[in-house]
Amino acid sequence: MTMRFNRRSMMRGMLGGAGVAVGIPMLDCFLDNHGKAFADGAKLPTRFGTYFWGLGLTPIATGGSRWVPTKVGADYEITPELESLRKLRDKVSVFSGFRVHLDGKPNLQHWTGQAAVLSGLAPDKIGTFNAPTFDTAMVDQIGGGTRFKSLELTPFGNPKLSYSTRNGQSFNTPEATPIALYTRIFGEGFRDPNDPNWAPDPSIMLRQSVLSSVTEQRKALMADAGAADRVKLDQYFTSVRQMENQLAVESQRPGRAESCVVPTAPGELKRSGQIDVVNANNKLMANLMAMALACNQTKIFNVVHTSATSEAYLPGDTAIYHLHTHDEPVDPRLGYQQISSKLAELAFRGYGDFLTALDGIKEGDGTLLDNCLVMGFSDTGYAKIHSTDNIPMFLGGGAGGRHKGGQHVVGNGDPVSRVALTAQQLAGMKVGEFGVGGMKTAKTITEVVKV
Amino acid sequence: MKLRLLTALLCAGAVAAGTLGVVVAASGASPTSGMVATRRLTETQYRHTIADVFGGDIVVNGRFEPERREELLLAVGAGELSISGAGFDQYYAMAKTISDQVFDEKHRARVTSCKPADPAKVDEKCVETFLRTYGLKLFRRPLTDAEIKSRVTMAVKSGTASKSHYTGMRLALTSLLISPEYLFRIETAANDGKGGKRLDGYSRASRLSYLLWDTAPDDELLRAAAAGELYTRVGLEKQAARLVASPKAEAGTRAFFTDMLQLDYFETVTKDVTVFPKFSAALMDSAKEQTLKTLIDQLVTKKGDYRDIFTSRETFINRQLASAYQAPFVSATDWTRYSIPQDQESAGIVTQVTFLSLFSHPGRSSPTKRGVALNEVFLCTPTPAPPANVDFSIVNNTNDPSLKTVRDRLLAHANDETCAACHNQSDPLGLSLEHFDSLGQHRETENGAKIDVAAELDGRRFSGATGLGRLLHDNPRAPKCLVRNVYAYGAGRAPDANDAKYLAEQTAAFAQDGYRLQSLLTRVAVSDEFYRVPPPKPVAPLKVASAQPLRQTGGQP
């Protein structure tokens, strides 16, 4: 059993209320044998992303669903709200019937769902999570060797839309427009990994020395802080450390990235909650993110398509999506909310479009998507009543050959943490358990693991 | 399996720390430490500080980490925030561009009088002098020798390697600007000589200047802190009077109301332009400026009665706003004074485009959002989130012939016990504003039907915006709420049960002298309570106000 348990992760566990996942990585025996390789033998990395959209998908009141396929296992049928997965079906697994175990906590509307999926337990209050989100643990374990530890983005234009956090309090700031994302990745500081004249940037050493002058004071400062201030300062110094690691990577000549083609700057679309504008921005940002991955700028990313109380709207409609989910009557003939279902299909299209962008880039003998795993999920199973049962969840991409895509798995009330645990393992994390209390699980969803 | 047990123990501790941490953080330090609180600088505090220390022409270009509202205020939320990896990248980039500007040929003489004999060599003395002088301004306290030394060593080494004195100076400044001691307001306590603890002089100087100026203490305030003058009533009074009388006080008051009125939501507000062709970023900027201009005019320039902000018809407009108000605009300047005509409905600050558009949906007005916001922003009465599994089907049954309008459906809440308790407090307030659409434009009808704006709250009947304005003006909770907000904003924490008596006294004094804002600010700033170091044990909050963030609640009709 190999497990890293250093001071930093311990601190985080102690102070951040972390549900630290531990245990024997039981899938190791077969998980590590599927990595694909470049022609020159260098192993292609597996990348991981989370993709959130607000307000779930639509159940049918009289039974059935607008999204859950009737067929379980392989060859699930494409339901109306899953239309955007039609061409990708065999690379995407669908998870229905998984739910949040509240463990006596309140169901905080439009907050508990995403908190539980990402951090492994229901939170105490809106605005914060009780534990770090698992993407940050992935950053530490498998995210190394790239310029950015992770990248966060939202096509909705709201710079507060991020659910990625190391301490449950401060959330990683997302890039909120295509141009901002482009500048972050390909603006100042970007070095083309395939540039034959590559040489380290001399300013890197200067930055390193500035950072060290700050970290020298760390000990004195931390010793003076009470518990809560120490959590904040520890997060600050973790961020400094992250930049130090980033600089160390940048000072090394990067390996060739054969699929890397440096894109040109995108135009700016008007910020708007109009769903077609959001989706257009999503496509632009998906293409940029795909190149960021292909150019080895990061291995981990987090996308928030729309907030859990989505303010997206149909062109010319005076009511927003969130309002419709509560106000729109269930059509007695159809058994569901018609407008809400239309918006659900459009919002979920963001996920399909994102995967399509990744699938459009050739890498090795397959596509970039084959070396990625993107967990799509939402906050509710039925937005009308804020239900956290049957939260729609998806795993898209081949995960370097580890993911057996194209499956529909029914959870029968199992915790959503099972999907999150499986996602981590497929992405290459050495982790055996995830979640806290009723959400704690060590049960991998083996139906989607390639053996 | 030992590890597993250890982890379980650690996690148990972690949960305890995680759940209690916030309360402890807000209310005190560990018994052994001098640090009592850390608060991340807000964007405006950062900008004002740089402008004051290095000059208004130093451009601060970058993206700040989002702030979070806790207990009604961003100033309280700032006490819970740290800096993420992505955020630190941005702070670093800002620090670098500020340092580049401060030491370019045009500006360097402002901050250093050194003329290095050999510009390829770092002058150690110069670096040290700079760090002592500007470190004090940026950290808001003198630097320790260790803090100076590590930076001098770094600057000399790196500057020498780059063969440039000014590179060394730049790096020294960058190092200050990315330090936690600059990016966070770190408050420390010292023994009071009577066995207790009190906020130390420099922490007091920061509280004063960030409350009244929204910026770092100036040289005079730092001097007073060093001389121990801020421990005495006389010393505090002298400084508070000086700060309140300064032109910088306007920026302080603007920052306070930007926070209290939740004007940060302007960053993310969008309207459906197919429904509201007049919506634009320029209109939203104008609306925000109108609100702040009006408040400064009434409360600072004219030293008016705070309660009159709900009834006053005096405001300012520019060309964009004139169009939204359907008012004539004849002015040679960008902004001109404007009186809302007596025959038009008005609730002062509440019927400005700002409030009406921030608390609406993109395409339609929202009586509930507005009512909830009025209760929260002006009366400090947050509304709890509705139960998660609430059944909306009764109020949303559009087939029920008796529930045709938003008003009818909303009022139906009153017949449902679960909903009534909250909706009876929010909806009447919001419904009285229904003569204003999602962009704040006046209307008498909606979809051809005449809009009824009669309402009743706590047994008092009123009608429309003008009636609402009077109701708010006469509501004793409004000045009480302002007092609470001033204190919480300055102290960076929500008042707890121990503060109740103090706040009641402050509220009485506020009434006594005619509800003058500046007198209130001064009284709070010189009071011992404002510098109290709360005991380390968590105290029950006076009123927990963690209602659902308003902008998240798009489900409100």
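Look up a bit, the structure's there.
Residues numbered from 1 in each chain as written. Chains lettered and ligands numbered in written order. Predicted model: local features only at pLDDT ≥ 70, side-chain atom pairs only at ≥ 80, totals over all residues. Heavy atoms only, no water.

Observations concerning the overall build of chain A
Moving on, step 1. For chain A, the helix and strand inventory stands at twelve helices and ten strands.
Moving on, step 2. Its C-alpha atoms give chain A a radius of gyration of 21 Å, near enough to 22 Å, the size a compact globule of 451 residues would have.
Moving on, step 3. Considering only C-alpha atoms, chain A reaches an extent of 70 × 50 × 50 Å along its principal axes.
Moving on, step 4. Counting all 451 residues of chain A, 66% fall into the buried class.
Moving on, step 5. Considering only contacts within chain A whose residues lie at least 6 apart along the sequence, 72% involve residues at least 24 apart.
Moving on, step 6. If the 46 positive side-chain charges of chain A are averaged to one point and the 43 negative ones to another, these points end up 3 Å apart. (Helix = DSSP H or I, 4+ residues; strand = E, 2+ residues; numbered from the N terminus. Rg over C-alpha atoms; globule rule 2.2 N^0.38 Å. Buried < 20%, exposed > 50% of the residue type's maximum accessible area, 1.4 Å probe, protein only. Contact = heavy atoms within 4.5 Å. Lys, Arg positive; Asp, Glu negative; His and termini not counted. Charge placed at Lys NZ, Arg CZ, Asp CG, Glu CD.)

Looking at the overall build of chain B
Moving on, step 1. The secondary structure content of chain B amounts to 23 helices and nine strands.
Moving on, step 2. When burial is assessed residue by residue, chain B has 60% of its 557 residues classed as buried.
Moving on, step 3. Contacts in chain B between residues at least 24 apart in sequence constitute 71% of all its contacts with a sequence separation of at least 6.
Moving on, step 4. About 22000 Å² of surface is accessible on chain B, with carbon and sulfur atoms providing 56% of the total. (Areas by Shrake-Rupley, 256 points an atom, 1.4 Å probe, with all protein chains shown as cover.)

A short note on helix α14 (residues 281-301) of chain B
Moving on, step 1. For α14 of chain B, which comprises 21 residues, the first-to-last C-alpha distance of 28 Å matches the rise-based estimate of 30 Å (1.5 Å per residue) to within 8%.
Moving on, step 2. Trailing α14 of chain B by a residue or two, lysine 303 of chain B shows a phi angle of about 50°, which is positive. (Expected span 1.5 Å × (residues − 1).)

A look at the pattern of salt bridges
Two side chains with opposite charge may pair up if their charged atoms get near one another.
Moving on, step 1. Counted according to the given criterion, the structure contains 58 salt bridges over all chains.
Moving on, step 2. Across the pair lysine 91 of chain A and aspartate 359 of chain A runs a salt bridge, and its minimum N-O distance is 2.7 Å. Placement of lysine 91 of chain A in the loop between β2 (73-74) and β3 (92-96) and of aspartate 359 of chain A in helix α11 (residues 338-359) is noted, with a sequence separation of 268 residues between them.
Moving on, step 3. The class of lysine 91 of chain A is partly exposed, set by a relative accessible area of 24%.
Moving on, step 4. The exposure class assigned to aspartate 359 of chain A is partly exposed, which follows from its relative accessible area of 21%.
Moving on, step 5. Among the ionic pairs, arginine 443 of chain B bridges to glutamate 434 of chain B, the shortest N-O distance being 3.4 Å.
Moving on, step 6. With a relative accessible area of 16%, arginine 443 of chain B lands in the buried category. (Salt bridge = Lys/Arg side-chain N within 4 Å of Asp/Glu carboxyl O.)

Comments concerning the nonpolar core
Residues and elements named next belong to chain A.
Moving on, step 1. Membership of the largest hydrophobic core comes to 103 residues, with the highest contact counts inside it found for Leu85, Leu358, Met375 and Phe394.
Moving on, step 2. Among the elements that make up this core, the one with the highest residue count is helix α9 (residues 275-294) (eleven residues).
Moving on, step 3. Beyond its immediate chain neighbours, meaning those up to four positions away, leucine 85 contacts Tyr76, Ile78, Val92, Phe348, Tyr351, Gly352, Leu355 and Phe394. (Core = buried A, V, L, I, M, F, W, Y, C linked by side-chain atoms within 4.5 Å.)

A word on the sheet that holds β2 of chain A
All names here are of chain A.
Moving on, step 1. What the eight strands build is an open sheet, ordered β2-β10-β3-β9-β8-β1-β5-β4; its pairing is mixed. Pairing within the sheet leaves two strands with one partner each, and these edge strands are β2 and β4 (151-153).
Moving on, step 2. Summarising the sheet, strand β1 (residues 47-52) and strand β5 (residues 300-304) pair through five bridges and their orientation is parallel. For tyrosine 51, the partnering residue across the bridge sits in β5 and is valine 303.
Moving on, step 3. Contacting β1, β5 and β8 (372-377), helix α4 (residues 134-142) crosses the sheet at an angle of about 160° to β5. (Pairing = 2+ DSSP bridges. Axes fitted to C-alpha atoms, helices over the stretch in contact; angles between N-to-C directions.)

Some points on the environment of valine 330 of chain A
Residue and element names in this part refer to chain A.
Moving on, step 1. Topologically, valine 330 is positioned in the loop between α10 (321-327) and α11.
Moving on, step 2. The spacing of valine 330 and alanine 61 is 269 residues in sequence and 7.8 Å in space, taken between C-alpha atoms.
Moving on, step 3. Those residues in contact with valine 330 that sit more than four places away from it in its chain are Ala61, Gly335, Tyr336, Gln337, Tyr382 and Lys384.

Examining the packing of helix α4 (residues 85-102) of chain B against helix α8 (residues 165-177) of chain B
Residues and elements named next belong to chain B.
Moving on, step 1. One can describe the packing of α4 onto α8 by two numbers: an axis separation of 9 Å at closest approach and a directional angle of 140°. Taken together, α4 and α8 sit at an angle that is classed as oblique. In this structure, α4 crosses over α8, and the sense of that crossing is right-handed. Across the interface between the two elements, Tyr92, Ala95, Lys96, Ile98, Ser99, Asp100 and Val102 from α4 touch Arg170, Leu173, Thr174 and Leu177 from α8. (Parallel < 35°, antiparallel > 145°, perpendicular 65-115°, else oblique. Left-handed = near helix turned anticlockwise from the far one by under 90°.)

Overview of the packing of aromatic side chains
Moving on, step 1. Evaluated as defined, the whole model comprises 43 aromatic pairs over all chains.
Moving on, step 2. Site record: aromatic cluster; members linked through ring pairs are Tyr51, Trp53, Trp67, Phe301, Phe348, Tyr351, Phe354 and Phe394 of chain A.
Moving on, step 3. Directly above the ring of tyrosine 134 of chain B sits lysine 137 of chain B, whose terminal nitrogen or CZ lies 5.6 Å from the centroid.
Moving on, step 4. We note arginine 207 of chain B situated over the ring of phenylalanine 530 of chain B; from NZ or CZ to the ring centre the distance is 5.7 Å. (Phe/Tyr/Trp six-rings, centres within 6.5 Å; stacked < 30°, edge-to-face > 60°. Lys NZ or Arg CZ within 6 Å of the ring centre and 35° of its normal.)

Focus: unusual backbone geometry
Residues and elements named next belong to chain B.
Moving on, step 1. Positive phi, close to 65°, is recorded for arginine 140, a residue that is not glycine.
Moving on, step 2. Its location among the elements puts arginine 140 in the loop between α6 (124-139) and α7 (145-161).
Moving on, step 3. Overall, arginine 140 belongs to the buried group, its relative accessible area being 4%.
Moving on, step 4. Its identity as a non-glycine residue notwithstanding, aspartate 214 has a phi of 60°, on the positive side.
Moving on, step 5. With respect to the helices, strands and loops of the structure, aspartate 214 is situated in the loop between α10 (201-212) and α11 (219-226).

Overview of the environment of glycine 467 of chain B
Moving on, step 1. Inspection of the secondary structure assignment puts glycine 467 of chain B in helix α20 (residues 464-474).
Moving on, step 2. Separated by 222 residues in sequence, glycine 467 of chain B and alanine 245 of chain B have C-alpha atoms that sit 35 Å apart.

Digging into the packing of α6 of chain B against α8 of chain B
Residues and elements named next belong to chain B.
Moving on, step 1. Closest axis-to-axis distance for the α6/α8 pair is 10 Å, and the angle between their directions is 25°. Between α6 and α8, the angle is such that the two are roughly parallel. Seen along the crossing, α6 lies across α8 with a hand that is right-handed. Taken together, the residues of α8 that come into contact with α6 (itself represented by Cys126, Val127, Phe130, Leu131, Tyr134, Gly135, Leu138 and Phe139) are His165, Met169, Ala172, Leu173, Leu176 and Leu177.
Moving on, step 2. Looking at side-chain class alone, the contact of α6 with α8 contains twelve nonpolar, two polar and no charged residues. (Nonpolar A, V, L, I, M, F, W, Y, C, P; charged D, E, K, R; others polar.)

Concerning the state of the cysteines
Moving on, step 1. The tally for this structure, following the rule as stated, stands at three disulfides over all chains.
Moving on, step 2. Linked covalently through their sulfurs, cysteine 260 of chain A and cysteine 295 of chain A form a disulfide whose S-S length is 2.0 Å. Measuring handedness by torsion sign, the sulfur bridge of cysteine 260 of chain A and cysteine 295 of chain A sits at about 90° and is right-handed. Of this pair, cysteine 260 of chain A sits in the loop between α8 (227-250) and α9 while cysteine 295 of chain A sits in the loop between α9 and β5; the two residues are 35 residues apart in sequence, bridging distant segments of the chain.
Moving on, step 3. Using a relative accessible area of 9% as the deciding quantity, one classes cysteine 260 of chain A as buried.
Moving on, step 4. Sulfur-sulfur distance for the disulfide between cysteine 380 of chain B and cysteine 481 of chain B comes to 2.1 Å. Judged by the sign of its S-S torsion, about 75°, the bond between cysteine 380 of chain B and cysteine 481 of chain B is right-handed. Pair noted here: cysteine 380 of chain B is in the loop between α17 (367-377) and α18 (406-412) and cysteine 481 of chain B is in helix α21 (residues 477-491), with a separation of 101 residues, a long-range link. Judged on exposure class, the residue cysteine 380 of chain B and its partner cysteine 481 of chain B are both buried.
Moving on, step 5. No disulfide involves cysteine 372 of chain A; its sulfur sits 13 Å from the nearest other cysteine sulfur, which is in cysteine 295 of chain A. (Disulfide = S-S within 2.5 Å.)

Looking at α11 of chain A
Moving on, step 1. Its 22 residues place the ends of α11 of chain A 31 Å apart at the C-alpha level, agreeing with the 32 Å of an ideal helix rising 1.5 Å per residue.
Moving on, step 2. Counting buried positions along α11 of chain A yields 16 of 22 residues, so the element is predominantly enclosed.

Details of the side chain of arginine 493 of chain B
Residues and elements named next belong to chain B.
Moving on, step 1. Relative to the assigned elements, arginine 493 resides in the loop between α21 and α22 (500-512).
Moving on, step 2. Exposure remark for arginine 493: the relative accessible area of 5% places this residue in the buried category.
Moving on, step 3. Among the polar contacts made by the side chain of arginine 493, one reaches the side chain of aspartate 499 at a distance of 3.3 Å. (Polar contact = N/O pair within 3.5 Å; in protein donor to acceptor, adjacent residues only side chain to side chain.)

A few points about the sheet that holds strand β1 (residues 35-40) of chain B
Moving on, step 1. If you trace the three strands from one edge of the open sheet to the other, you get β1-β2-β3 (chain B), paired in antiparallel fashion. Looking at the sheet topology across the chains shown, the edges are occupied by β1 and β3 (197-199) of chain B. If you compare each strand with its neighbour and ignore which way they point, the axes differ by 25° on average.
Moving on, step 2. By the bridge criterion, five bridges tie β1 of chain B to strand β2 (residues 184-191) of chain B in an arrangement that is antiparallel. When the bridges of β2 of chain B are listed, arginine 40 of chain B appears paired with phenylalanine 184 of chain B.
Moving on, step 3. Sheet contacts for α8 of chain A: β1 and β2 of chain B; angle to β1 of chain B, the most-contacted strand, approximately 45°.

What to know about the side chain of serine 286 of chain B
Residue and element names in this part refer to chain B.
Moving on, step 1. Take serine 286: it is sitting in helix α14.
Moving on, step 2. Owing to a relative accessible area of 6%, serine 286 belongs among the buried residues under this scheme.
Moving on, step 3. When residues no more than four places from it in sequence are discounted, the contact partners of serine 286 are Asn318, Gln320, Leu321 and Trp335.

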